[in-house]
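Structure at a glance
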Amino acid sequence: MRSIEVEVRSESGLHARPAAVFVRAAAAYASTIRLENMTAARPAVDAKSITGVMAAGVEKGHVVRIEAEGPDEGMAIEGLRRLLAGLGEPVGH
Amino acid sequence: MPGRIAGLPAAPGIAVGPAWRYRPRGAGAIPAVAIASRGEAELRIRGAAAASATQLQALAARLRDLGRGGDAEILEAQALMAIDPAIVDEAVRLAHGGMPPVEAVLEAAESSARILGTLPDALLAARAGDVRDVAVRVTRILSGAQVELPAAPSIVVADDLPPSLLAEFPPGLLLGVALAGGSPTAHVAILARSLGIPAVVAAPDLLEAVRGSRKIAIDGESGEITVDPAPEELQELADRQAVRGSRDRAAAALRGSPAATADGRRIPLLANIRSPEDAARALEAGAEGVGLFRTEYLFLRRQAAPSESEQEAEYRRAMEAFGPERPVVIRLADIGGDKSIPYLGRPEEPNPFLGVRAIRLAHDSRELLLTQLRAIWRAAGAAGVTPHVMAPMVATLADARLLTGLRDEARREVVASGADCPDRMVTGVMIEVPSAAILAPELARLVDFFSIGTNDLTQYVLAADRGNPSLARFQDALHPAVLRTIAAVVAGADGAGIPVAVCGELAGDPAGALVLVGLGVDELSADAGSLDAIRACLAGFGDAELRALAARALAATDAETVRAYANELLSAVR
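Residues numbered from 1 in each chain as written. Chains lettered and ligands numbered in written order. Predicted model: local features only at pLDDT ≥ 70, side-chain atom pairs only at ≥ 80, totals over all residues.

Remarks on the overall build of chain B
This is how it is decided: Note on conventions: DSSP H or I runs of at least 4 residues are helices, E runs of at least 2 residues are strands, and numbering of each starts at the N terminus. Exposure classes come from backbone-placed C-beta atoms, where a residue is buried if 20 or more other C-beta atoms lie within 10 Å of its own, exposed if 12 or fewer do, and partly exposed in between. Throughout, a residue-residue contact means that the two C-beta atoms, derived from backbone geometry, are no farther apart than 7 Å.
The helix and strand inventory of chain B stands at 20 helices and 17 strands. Residue burial in chain B is summarised as follows: out of 574 residues, 49% are buried. When contacts within chain B are restricted to residue pairs at least 6 apart in sequence, those whose partners lie at least 24 apart make up 68%.

Here's what the structure looks like:
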């Protein structure tokens with residue numbers, strides 16, 4: 001099992017478009033992946049579930065914990081960490 | 001009973017075929033599925049979920065190809081909901097426990113929808129409805145899609161149609177759409193236009209008229225519906241289609257040449273866009289720029305206002321697509337009216353169209369408009385173009401001064417930050433409010449151009465809510481009261497030597513375009529799909545002919561008479 005904590009920096013948190021991008025990326029890994037909104041202290045959700053990720057209510061500035069368990073857990077953690085960092089950068093710069 | 005009924009044109013084209021009545025069903029009306037084993041239930045639930053996602057994804061891809069990225073995103077999110085493991089796994093678990101598969105899917109989706117529905121955020125809570133829609137779609141497939149689809153290619157007839165239903169029709173099965181309700185600006189009409197499916201809407205007598213019919217014909221350009229057409233009527237429709245085909249080909253051949261009247265009066269044709277993604281489609285249609293960039297999409301469906309850098313990137317994409325020679329007129333966010341935004345925390349208004357809308361937000365939400373203006377200055381500096389901006393809902397000279405004041409303040413802040421910033425911003429006001437039209441001579445001295453929004457101008461001149469279907473008869477912008485107002489605006493602008501554009505739907509309607517140019521309007525801006533037809537229309541008439549048409553229109557007292565005058569002229573080129 002691997003895990004990481006990241007601050008979400010995208011303007012709309014993990015709602016709408018960023019949520020869909022995140023869920024699609026998570027679904028590409030074989031590992032079981034959970035996402036927990038530490039700032040809002042909400043229960044962990046399945047990172048491959050769009051309704052779960054939306055319900056986590058992640059807003060800009062919230063810290064989330066991502067936990068992966070399975071054959072590609074290292075790749076999953078690294079890939080999703082990069083994705084979240086990329087979502088925070090202004091588009092087109 | 002054979003005969004003709006009238007609706008409103010919503011997507012061009014002629015379709016002939018059997019009427020197939022779509023009846024929305026509540027979730028409870030979906031038939032139960034007979035299954036042999038619980039293992040089979042699991043397979044069928046997973047299969048139906050995957051098939052729903054594929055359908056939604058396929059329609060989203062078609063919309064993306066058509067340059068409709070914004071519409072596509074809604075369907076892509078729904079595709080993810082269809083295969084959401086939290087829902088599908090729960091449905092499978094319930095089915096293994098002995099619950100029938102249809103109930104299992106609905107129950108599982110309901111748990112997820114309920115969680116979303118209780119979230120404090122209004123936008124997220126609204127997604128609960130999307131989840132329920134998707135669940136009904138999955139159960140429809142689960143219980144056999146053929147119960148919902150016609151057996152042969154048909155024209156779908158209904159009161160109203162959920163837009164995503166169009167996704168369930170394999171290409172070829174859906175010949176056309178005829179609705180008793182709806183409006184030409186409804187989502188389903190926009191989708192039909194994107195997909196090239198003829199559509200007629202707002203035909204109140206439709207359902208009664210088609211009952212027991214063998215065949216109906218719809219004309220998505222005239223709004224006519226013919227029930228059980230006679231052979232000579234079918235022939236006439238075929239002729240009409242052939243004439244339009246050659247007209248459309250001739251029109252497409254004019255692309256690339258600048259729009260002008262037959263005697264060479266230049267009338268720049270620009271496109272209305274809703275996001276930078278629409279730019280490609282507009283350029284392909286030969287748009288000479290953007291006359292209306294609706295920026296609301298950046299502000300809707302989210303939890304906080306978009307940042308300055310996010311806005312800058314979006315505006316810059318549109319500016320770079322059109323380059324320094326073709327202007328992109330950015331309209332400051334038209335928030336309020338029918339588009340409210342929860343994060344502004346504004347109290348609900350009893351009369352939002354007469355409320356704190358658009359530029360009126362500058363008093364309480366000044367920073368919102370300043371941020372947008374700074375982003376536009378920065379985007380233009382980075383793209384190396386002169387920015388063009390206009391404000392909606394301007395009613396007084398004070399509103400126009402407020403706009404130019406905010407513009408200058410935003411520039412000072414951008415310059416102070418050291419960023420590249422152009423020297424000037426071409427600044428205009430929209431003319432939608434009667435007081436602005438009456439004050440046109442004085443307003444014209446404060447700004448660089450006018451742009452008339454005919455939809456709102458009509459609603460405010462005739463005092464008829466444009467969202468109220470029982471007042472639809474007041475929504476014709478060709479009404480002489482509206483045309484006389486436009487004539488006064490043109491006269492006021494001429495006095496100060498500034499140009500007048502029209503960016504409302506009237507500009508994209510051939511009859512409307514002829515009248516507007518005859519009234520002395522300098523530029524037209526419309527949906528990219530209308531530009532070919534307008535360009536061809538203008539090339540068929542001299543300036544004097546159009547001025548004569550406008551003079552007759554101004555003397556008329558109702559919209560029907562004006563339309564008849566214009567159609568008389570148009571029949572010469574059709």
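Points about the overall build of chain A
A tally of helices and strands in chain A yields three helices and four strands. The linear arrangement of helices and strands in chain A, starting from the amino end, is β-α-β-β-α-β-α. Burial status across chain A gives 45% buried among its 93 residues. Taking the intrachain contacts of chain A between residues at least 6 apart in sequence as the baseline, contacts between residues at least 24 apart amount to 68%.

Structural notes on the sheet that holds strand β3 (residues 45–46) of chain A
Strand pairing in a sheet relies on backbone hydrogen bonds, with the paired strands running either antiparallel or parallel. All names here are of chain A. Stated formally: The pairing criterion is simple: DSSP has to find at least two bridges between the two strands. Only C-alpha atoms enter the line fits that serve as axes; for helices the fit covers just the stretch in contact. Angles between N-to-C directions range over 0 to 180 degrees.
Pairing within the open sheet is antiparallel, and its four strands lie in the order β1-β4-β2-β3. Each having just a single partner strand, β1 (2–7) and β3 make up the two edges of the open sheet. Where strand β2 (residues 32–37) meets strand β4 (residues 63–69), six bridges bridge the pair, whose relative direction is antiparallel. Residue pairing for β4: Glu36 is matched across the bridge by Arg65. Set on the sheet, helix α3 (residues 73–87) makes contact with β1, β2 and β4; between it and β1 the angle comes to about 5°.

Considerations on the interface of chain B and chain A
Note the following rule: Under the grouping applied here, Gly and all other residues not named as nonpolar or charged are polar, the nonpolar ones being Ala, Val, Leu, Ile, Met, Phe, Trp, Tyr, Cys and Pro and the charged ones Asp, Glu, Lys and Arg.
Taken together, the contact pairs 28 residues of chain B with 21 residues of chain A. Going through the elements one at a time, α2 (69–82), α3 (85–96), α4 (101–117), α5 (122–142) and α10 (308–322) of chain B are the ones with two or more residues in the side of chain B that touches chain A. For the side of chain B that touches chain A, a count of residues per class yields 14 nonpolar, four polar and 10 charged.

A short note on the nonpolar core
Quick reminder of the rule: By convention in this section, buried Ala, Val, Leu, Ile, Met, Phe, Trp, Tyr and Cys residues joined through C-beta atoms within 7 Å make up a nonpolar core.
Counting 111 residues, the largest nonpolar core has Val290, Val429, Leu514 and Val515 of chain B as its most contacted members. Sort the elements by how many residues they give to this core and helix α11 (residues 366–383) of chain B lands first, with eight residues. Once residues within four sequence positions are removed from consideration, Val515 of chain B is found in contact with Leu478, Leu483, Leu549, Ala550, Ala553, Val562 and Ala566 of chain B. Core analysis: the next-biggest nonpolar cluster, separate from the first, contains 65 residues, Leu84 of chain A together with Ala49, Ile87 and Leu116 of chain B among them.

Here's the deal with the environment of Glu308 of chain B
Residue and element names in this part refer to chain B. With respect to the helices and strands, the residue Glu308 is situated in helix α10. Assessed through the 19 C-beta atoms surrounding it within 10 Å, Glu308 is described here as partly exposed. In the structure, Glu308 is positioned 68 residues away from Ile376 in sequence and 9.0 Å away in space, judged by C-alpha atoms. In this view, Glu308 contacts Thr371, Arg374 and Ala375; residues no more than four positions away in its chain are not counted.

Brief notes about α11 of chain B
All names here are of chain B. To be explicit about the condition: The length a helix should cover is 1.5 Å for every residue beyond the first.
Taking 1.5 Å as the rise per residue, α11 with 18 residues should run 26 Å; its terminal C-alpha atoms sit 26 Å apart, in good agreement. Among the residues of α11, Leu369, Gln372, Leu373, Arg374, Ala375, Ile376, Trp377, Arg378, Ala379, Ala380 and Ala383 are the ones counted as buried. Trailing α11 by a residue or two, Gly384 shows a phi angle of about 70°, which is positive.

Here we look at the pairing of strand β8 (residues 216–219) of chain B
Residue and element names in this part refer to chain B. Of the two faces of β8, both are covered, the one formed by Ile216 and Ile218 as well as the one formed by Ala217 and Asp219. With three bridges joining them, β8 and strand β9 (residues 224–227) adopt antiparallel strand pairing. Within the sheet, the bridge partner assigned to Ile218 lies in β9 and is Ile225. With antiparallel pairing between neighbouring strands as the criterion, β8 and β9 make up a hairpin whose turn holds four residues, including Gly223 at a positive phi of roughly 85°.

Points about the pairing of strand β10 (residues 269–273) of chain B
Residues and elements named next belong to chain B. Rules: A crossover counts as right-handed when, viewed with the strands pointing away from the observer, the path leading from the first strand over the helix to the second turns clockwise.
The element β10 is extensively covered by neighbouring structure, given that five of its five residues are classed as buried. Sheet analysis places β10 next to strand β17 (residues 523–526), joined by three bridges and oriented parallel. Looking at β17, one finds that Leu270 is bridged to Ser525. Pairing of β10 with strand β11 (residues 290–294), which is carried by three bridges, proceeds in the parallel orientation. Opposite Ile273, over in β11, you have Phe293 as the bridge partner. The handedness of the β10 to β11 crossover, carried by helix α9 (residues 279–284), is right-handed.

Some points on unusual backbone geometry
A positive phi angle is found at Ala202 of chain B, which is not glycine, with a value near 55°. Summarising the element assignment, Ala202 of chain B is placed in the loop between β7 (199–201) and α7 (206–210).

Here's the deal with the sheet that holds strand β16 (residues 500–502) of chain B
All names here are of chain B. In spatial order, the strands read β10-β11-β12-β13-β14-β15-β16-β17; together these eight strands close into a barrel with parallel pairing. Between one strand axis and the next, the sheet turns by 25° as a mean value, whatever way the strands run. Inspection of the sheet shows strand β15 (residues 449–452) paired to β16 by three bridges, in the parallel sense. Considered in β16, the bridge of Ile452 is made with Val502. Set on the sheet, helix α12 (residues 397–416) makes contact with β13 (388–391) and β14 (426–431); between it and β14 the angle comes to about 150°.

Some words on the confidence of the model for chain B
Our working rule: Note: pLDDT gives the predictor's confidence per residue, expressed from 0 to 100.
Here chain B shows a mean pLDDT of 88. Residues at 70 or above account for 93%. With a pTM of 0.61, the predicted complex shows an ipTM of 0.89.

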